[in-house]
Amino acid sequence: MKETRSTCPYCGVGCGVIIESKGGHITGVRGDPAHPANFGRLCSKGSTLHLTASPVMAEQTRLLQPMRRLVRGGSLQPMAWDNAMQLASQTLASIVRAHGADALGFYVSGQLLTEDYYVFNKLAKGLLGTNNIDTNSRLCMSSAVAGYKLTLGADAPPACYDDVMHANCLFIAGSNAAYAHPILFRRIEDARAKNPNLKIIVADPRRTDTASSADLHLQLQPGTDVTLFHGMLHVMLAEGWVDTAYIAAHTEGFEALQNLVADYTPARVHEVCGITPEQLLQATRWFAGVPPNSANNAPDPTWRTLSLYCQGLNQSSSGTAKNASLINLHLATAQIGKAGAGPFSLTGQPNAMGGREVGGLANLISAHRDMSKPEHRAEVAALWGIDDVPSKPGKTAVEMFEAAADGEIKALWIACTNPAQSMPDQATVRRALERAEFVVVQEAFATAETCDFADLLLPATTWGEKEGTVTNSERRITRVRAAVPAPGQARHDWQIVVDLAARLAEEPGVAQHKDGLHMAYTSPEEIWVEHRESTRGRDLDITGLSYAHLENTPEQWPMREGAAQGQARLYEDSVFATANGRAKFAALPYVPTAEARESRFPFSLNTGRLRDQWHGMTRTGLVGKLFGHVAEPVVQLHPDDMARLSLTEGSLVHVTSKRGSIVVPAQASSDLGAHQAFIAMHWGPAFLSGRDHQNKPLAGVNAITTSAYCPSSKQPELKHAAVKVLKAELPWTLLAVAWLPEHKAQTILQALRARMVQFEFASCVPFSGDAPDNGIIQGPARQGVLMRAACSEAPDMALVHDMEQLLGLHGADSLRYVDAKRSQLRSMRLRHLDTADLKDTQLDAFLIAGDTSAQAWLKTLLQNQQSAKAYGRRLLMTGSQPPVALVDAGATVCTCVGVKDVAIQAHLKTCQGDETERLASLQGALKCGTQCGSCVPELRRMIRLTLSSDAASPSLAL
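Residues numbered from 1 in each chain as written. Predicted model: local features only at pLDDT ≥ 70, side-chain atom pairs only at ≥ 80, totals over all residues. Heavy atoms only, no water.

Enquirer: Which residues make up the overall build of the chain, and what are the values?
Expert: A count of helices and strands for the chain gives 30 helices and 37 strands. Taken over C-alpha atoms, the radius of gyration comes to 28 Å for the chain, in line with the 30 Å a tight globule of 958 residues would show. C-alpha extents for the chain along the principal axes are approximately 85 × 80 × 60 Å. Looking at the 958 residues of the chain, the share that counts as buried comes to 63%. Of all intrachain contacts in the chain linking residues separated by at least 6 positions in sequence, the fraction that spans at least 24 positions is 71%. Put simply, the chain shows about 33500 Å² of open surface, and 51% of that area lies on carbon and sulfur atoms. Taken together, the 90 basic and 95 acidic charged side chains of the chain have centroids lying 3 Å from each other. (Helix = DSSP H or I, 4+ residues; strand = E, 2+ residues; numbered from the N terminus. Rg over C-alpha atoms; globule rule 2.2 N^0.38 Å. Buried < 20%, exposed > 50% of the residue type's maximum accessible area, 1.4 Å probe, protein only. Contact = heavy atoms within 4.5 Å. Areas by Shrake-Rupley, 256 points an atom, 1.4 Å probe, with all protein chains shown as cover. Lys, Arg positive; Asp, Glu negative; His and termini not counted. Charge placed at Lys NZ, Arg CZ, Asp CG, Glu CD.)

Dropping the structure here:
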């Protein structure tokens, strides 16, 4: 077995991994104990990476050769690489000659490696002369960037992961780190175990697993963070908790901010945010470092406050103001530039940071330079050997697709991202993809929704096959290494760009600069060395770093020439990256969300992450195991709203905004406030779809999100949309559940998904059998599919029969009942086990349509692989009561070990002791929470509920 050290391709924590491979195939993955980001830990997503890379999976999901679509909506035809690149270069060239280079748009990804990013940026801005290159990082981190630059002078998170262990107070705002950055959250748990006096404050409209772990949960109204932060500064000023000496010596602009926050009284904060004056005072006291029961009510000079924040602040039409207003609190209290203190933005993607380092956004150029500054453009032009870099700002993500929808941009080149799932306002995005004259998708997975709109598909390598570097949230650069060769004809992203550049340079009237511009790179290291030189003298200077050094040690920037190692913390000398070295307070007023709740749209829709899924699920969505915790798409509503709308669990509802509508099952959750709704960001049209009254496909959750964006950062407000929720009257329903042969599972899933648009509601998800006997996710588990559908009237039953055929419900082992007049069908496939040790019958697949009242017990019988021997033809019965008693297997809490809630609850009934002792008992007996640890917050929540129940119950002892 071969072992290769590399990096996880999911969130911005940047965990090191060790890839196990044999015979050119990835067979396993584990955390790298030597990597300083994770010290061997991996979350549930990282632990299953190898399952997405198996040969069987690749055969069914990977794009393995260039493909061309001759007509929109038509079938794909294979092409040779040379012909594909000739088509691409000639088509782009003709568009440039006819309309200019700004008729092109490049939309790339925070999942690309730094080297890939660099050549894309140089191709667009250097060779072609257009700044129309942006990235899905625009949806993720651009408000954090704008906030840092506005206040501290540079896009440079000043803190590091180790600061969690030195903090006295953690202020977590707009981040469910327990789900979004689980390995960092493990450090938070470690910090609290080391220091039980650590105070954790969470500001979030939902009571997430992160919030449930806090000492103080500020359950503010959506979008009101600026008012909260200004209110905290108002209290600090009133109580004398600001550091006036630090403000005078190292900052500017405080007077204007002081005047602004004078109006943000505790009463106003209560009115706007819903936070009580007592909660506001408590949060401010802890943030400012006034210890509990302080005799003189003064801040402790040794106190350290660390802020952690993510998309709740970033994905907002006031994103820059939210970020800057939080940073104001750190500057006002001197909580920056020292161990355990500072404003720390958590990066959402594995290399969003690296993309910004090379200038891979429409308003940036290499090494954090601004294209608006002539001296910055001149520096990059000199490095690239060209006359100039274009000064006109390019189209950002939302603007790019709006321009394509309006016909201004004629060609879209999309790499390693899936805008047909991830971009807001899908109606506009799809109009852009349909109207563009030429759409190229450079992608590893043929299953990504955007592939359906491509004229040309180019197969790219992915995790386990790529070579290069990434930069994580704490500015740490890590090598990404290939463990196996590329499958099929897949090429590295940078190689595709280099090939395109060489061809475009030969096209007459296209290349702005070709004589002095070098694009003929032969390795990622060669690209990285040029990038390194671009950083000389900049805030992210890495001229003291080499590829050879990175082979052994991940390093943080800056690491200037002559330095032995990177810099863990910034601004320790209180000199900031501004012209005069002083930080700047940002006096930005509170502005409400772009869409206000009102009578027509009375709900605030929030989107966010699930624990075991990532982004559009192009990769995690392949692993049935990762659907154990949250199996199907739902919209969560407060129980009072459910009652008011006469909804029960699973009721189908229309969720409608000004841009579109989707149909989704409703679920009650007391974690939300009244008049709020939550849908996970991952549920795109591959998993949640159907058709509307105009027979147009429904496009998942982003059919209803808004493209309104922050005027400074251009980041869209994915965290809030005003919606209405109405009960859907769709009486004809269908449920199909089946175990699938491994070599056909993904192919059948895709075939079912192609049929989703023929219903008014449809969802389609994979699931998996229990973990192997060793209890750790290492080998393939049995794969299955679950599809739901509903219509106002029964569809043509030929469609249902077609689905029966797909699921193998037509053989000798099948039972079948059909009532054609009432459009009802019940079809079962049985699996007979006859070995020396076992004689049994199990339900292997079923489809019920028309009357689906038996769904609960049939689904349980199949998914839990319980014996169906006693059922016989009673499997065809309707009704919610099973004809034979079933054991409730419960819902999965621990994905790694496959532990269900019923087992946890049963064990807790036998436990004694406090929360820590009961957690240890669970981990010892059931092994839950002992692998990746992602389930530990939920385990703690279940323990606390048990403790509360025990305290509320009168003792039976007399």
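Enquirer: Describe the state of the cysteines, and please don't skip the residues or the numbers.
Expert: As used in these notes, a disulfide is a covalent bond between sulfur atoms, one from each of two cysteines. Per the counting criterion, the structure on display carries zero disulfides. No disulfide involves Cys 160; its nearest neighbouring cysteine sulfur is the one of Cys 15, lying 15 Å away. (Disulfide = S-S within 2.5 Å.)

Enquirer: Which residues make up the packing of aromatic side chains, and what values go with them?
Expert: Geometrically, a pair of aromatic rings is defined through the distance of the ring centres and the angle of the planes. All chains considered together, the criterion is met by 17 aromatic pairs. For the ring pair Tyr 10 and Trp 614, a centre distance of 5.5 Å and an interplane angle of 55° mean the geometry is tilted. Taken together, the positions of Tyr 10 in the loop between strand S1 (2-7) and strand S2 (16-22) and Trp 614 in the loop between strand S23 (603-608) and strand S24 (635-637) put the pair 604 residues apart, joining distant regions of the chain. An identical accessibility class is assigned to Tyr 10 and Trp 614; each is buried. Linked through ring pairs, Phe 106, Phe 120 and Trp 413 together constitute an aromatic cluster. Sitting over the ring of Phe 687, Arg 753 keeps its end group 4.4 Å from the ring centre. (Phe/Tyr/Trp six-rings, centres within 6.5 Å; stacked < 30°, edge-to-face > 60°. Lys NZ or Arg CZ within 6 Å of the ring centre and 35° of its normal.)

Enquirer: Explain the environment of Gly 105 to me, using residue names and the numbers behind them.
Expert: In this fold, Gly 105 is placed in strand S6 (residues 104-108). The exposure class of Gly 105 is buried, given its relative accessible area of 2%. Separated by 575 residues in sequence, Gly 105 and Ala 680 place their C-alpha atoms 29 Å apart. Every residue in contact with Gly 105, bar those within four places of it in the chain, is listed here: Asn 132, Met 400, Ile 409, Ala 411, Leu 412 and Trp 413.

Enquirer: Go over the side chain of Asp 539 with me, naming the residues and quoting the values.
Expert: Mapped onto the secondary structure, Asp 539 falls in the loop between helix H22 (524-534) and helix H23 (547-552). This buried residue, Asp 539, is left without a salt bridge; Arg 538 holds the nearest opposite charge, at 4.6 Å. Within the structure, the side chain of Asp 539 is placed 3.1 Å from the side chain of His 368, a separation counted as a polar contact. Excluding anything up to four places from it in sequence, Asp 539 contacts Ala 154, Asp 155, Ala 156, His 368, Trp 557, Pro 558 and Arg 560. (Salt bridge = Lys/Arg side-chain N within 4 Å of Asp/Glu carboxyl O. Polar contact = N/O pair within 3.5 Å; in protein donor to acceptor, adjacent residues only side chain to side chain.)

Enquirer: A description of the nonpolar core should follow, citing residues and the corresponding values.
Expert: Across soluble globular proteins, you tend to see nonpolar side chains buried next to one another. Judged by nonpolar contacts, the single largest core of 66 residues is most densely connected at Leu 152, Phe 171, Leu 218, Leu 228, Phe 229, Met 232 and Leu 233. For this core, the element with the most residues is helix H9 (residues 225-239), which contributes seven residues. Once residues lying within four places of it in the same chain are set aside, the contact partners of Leu 233 are Val 242, Phe 254, Leu 257, Val 261, Leu 329 and Ala 332. Val 635, Val 663, Leu 786 and Trp 857 belong to the second-largest nonpolar core, a separate cluster that totals 56 residues. (Core = buried A, V, L, I, M, F, W, Y, C linked by side-chain atoms within 4.5 Å.)

Enquirer: Which residues make up the pattern of salt bridges, and what values do they have?
Expert: Throughout the structure, instances matching the rule amount to 47 salt bridges. Of the charged contacts, one joins Arg 479 and Glu 551 as a salt bridge, the two residues approaching to 3.0 Å between their closest N and O atoms. A residue pair is termed long-range when its members are at least 10 positions apart, and Arg 479 in strand S20 (residues 476-480) and Glu 551 in helix H23 qualify at 72 residues. Overall, Glu 551 belongs to the partly exposed group, its relative accessible area being 32%. Between Arg 755 and Asp 802 there is a salt bridge, and its shortest N-O distance comes to 2.4 Å.

Enquirer: Mind laying out the sheet that holds S1, listing which residues take part and the relevant values?
Expert: An order of S1-S2-S3 is seen for the three strands of this open sheet, with the pairing classed as antiparallel. Edge positions in the open sheet fall to S1 and strand S3 (25-31), since each of these has one partner strand only. Neighbour to neighbour, the strand axes of the sheet diverge by 30° on average, direction disregarded. By the bridge criterion, six bridges tie S2 to S3 in an arrangement that is antiparallel. Bridge pairing in S3 links Glu 20 to Gly 28. (Pairing = 2+ DSSP bridges. Axes fitted to C-alpha atoms, helices over the stretch in contact; angles between N-to-C directions.)

Enquirer: So what's going on with unusual backbone geometry? Residues and values would help.
Expert: The amide bond that connects Trp 557 to the next residue, Pro 558, takes the cis arrangement and shows omega of 0°. Residue placement: Pro 558 occurs in the loop between strand S21 (555-556) and strand S22 (583-584). Non-glycine residue Ala 367 carries a positive phi angle of around 60°. Along the polypeptide, Ala 367 turns up in the loop between strand S14 (364-365) and strand S15 (369-370). We note that Tyr 571 has phi near 65°; this positive angle belongs to a residue other than glycine. Structurally, the position occupied by Tyr 571 is in the loop between S21 and S22. Taking the relative accessible area as the measure of exposure, Tyr 571 reaches 8% and is therefore buried.

Enquirer: So what's going on with the pairing of strand S32 (residues 783-791)? Which residues, and what values?
Expert: The element S32 is largely enclosed, with a buried count of nine among its nine residues. Side chains Gln 783, Val 785, Met 787, Ala 789 and Cys 791 project from S32 onto one buried face, and the interleaved Gly 784, Leu 786, Arg 788 and Ala 790 project onto a second face that is buried too. Direction of pairing for strand S30 (residues 732-740) relative to S32: antiparallel, over a ladder of nine bridges. Paired with Ala 738 across the strands is Val 785, a residue of S32. With eight bridges connecting them, strand S31 (residues 761-768) and S32 associate as antiparallel partners.

Enquirer: Pulling in residues and values, what's your account of the sheet that holds strand S5 (residues 76-78)?
Expert: Judged by pairing direction, the sheet is mixed, and its seven strands sit side by side in the order S5-S4-S18-S17-S16-S6-S7 without closing on themselves. Strands with a single pairing partner mark the edges of an open sheet, and in this sheet they are S5 and strand S7 (133-135). Neighbouring strand axes in the sheet, compared pairwise and without regard to direction, differ in orientation by 20° on average. Relative to S6, helix H4 (residues 114-128) is tilted by about 165°, and along the sheet it contacts S6, S7, strand S16 (411-415) and strand S17 (438-443).

Enquirer: So what about helix H18 (residues 397-405)? Which residues, and what values?
Expert: Of all nine residues in H18, eight are buried, a share of seventy percent or more. For H18, the set of buried residues is Ala 397, Val 398, Glu 399, Met 400, Phe 401, Ala 403, Ala 404 and Ala 405. On its buried face, H18 is in contact with S6, S7, S16, helix H19 (419-422) and helix H20 (426-435). Remark: Gly 407 follows H18 within two positions and exhibits a positive phi of approximately 90°.

Enquirer: How would you explain the confidence of the model for the chain if you had to name every residue and give the values?
Expert: Here the chain shows a mean pLDDT of 95. Residues at 70 or above account for 98%. Every residue in residues 771-779 scores below 50 in pLDDT, and together they form 22 contacts with partners more than four places removed in sequence or on other chains. (pLDDT = per-residue confidence, 0-100.)

Enquirer: Could you give me a rundown of the pairing of S20, with the residues and numbers involved?
Expert: Within S20, five of the five residues are buried, leaving the element largely enclosed by the surrounding structure. On S20, burial covers both faces: Arg 476, Thr 478 and Val 480 on one face and Ile 477 and Arg 479 on the other are all buried. Both strand S19 (residues 468-471) and S20 contribute to a ladder of four bridges, which runs antiparallel. By the bridge assignment for S20, Thr 471 is matched with Ile 477. Between S19 and the antiparallel strand that follows it, S20, lie four residues; Arg 475 among them carries a positive phi value of about 70°.

Enquirer: Outline the packing of H9 against helix H15 (residues 319-332), supporting the account with residue identities and numerical values.
Expert: The N-to-C vectors of H9 and H15 enclose an angle of 20°; their axes lie 8 Å apart at closest approach. By the criterion of interaxial angle, the relationship of H9 to H15 is roughly parallel. Judged by the twist between their axes, the crossing of H9 over H15 is left-handed. Two secondary-structure elements touch here, H9 through Asp 225, Val 226, Phe 229, His 230, Met 232, Leu 233 and Met 236 and H15 through Ala 321, Lys 322, Ser 325, Leu 326, Leu 329 and Ala 332. Of the residues contributing to the contact of H9 with H15, the split by class is nine nonpolar, two polar and two charged. (Parallel < 35°, antiparallel > 145°, perpendicular 65-115°, else oblique. Left-handed = near helix turned anticlockwise from the far one by under 90°. Nonpolar A, V, L, I, M, F, W, Y, C, P; charged D, E, K, R; others polar.)

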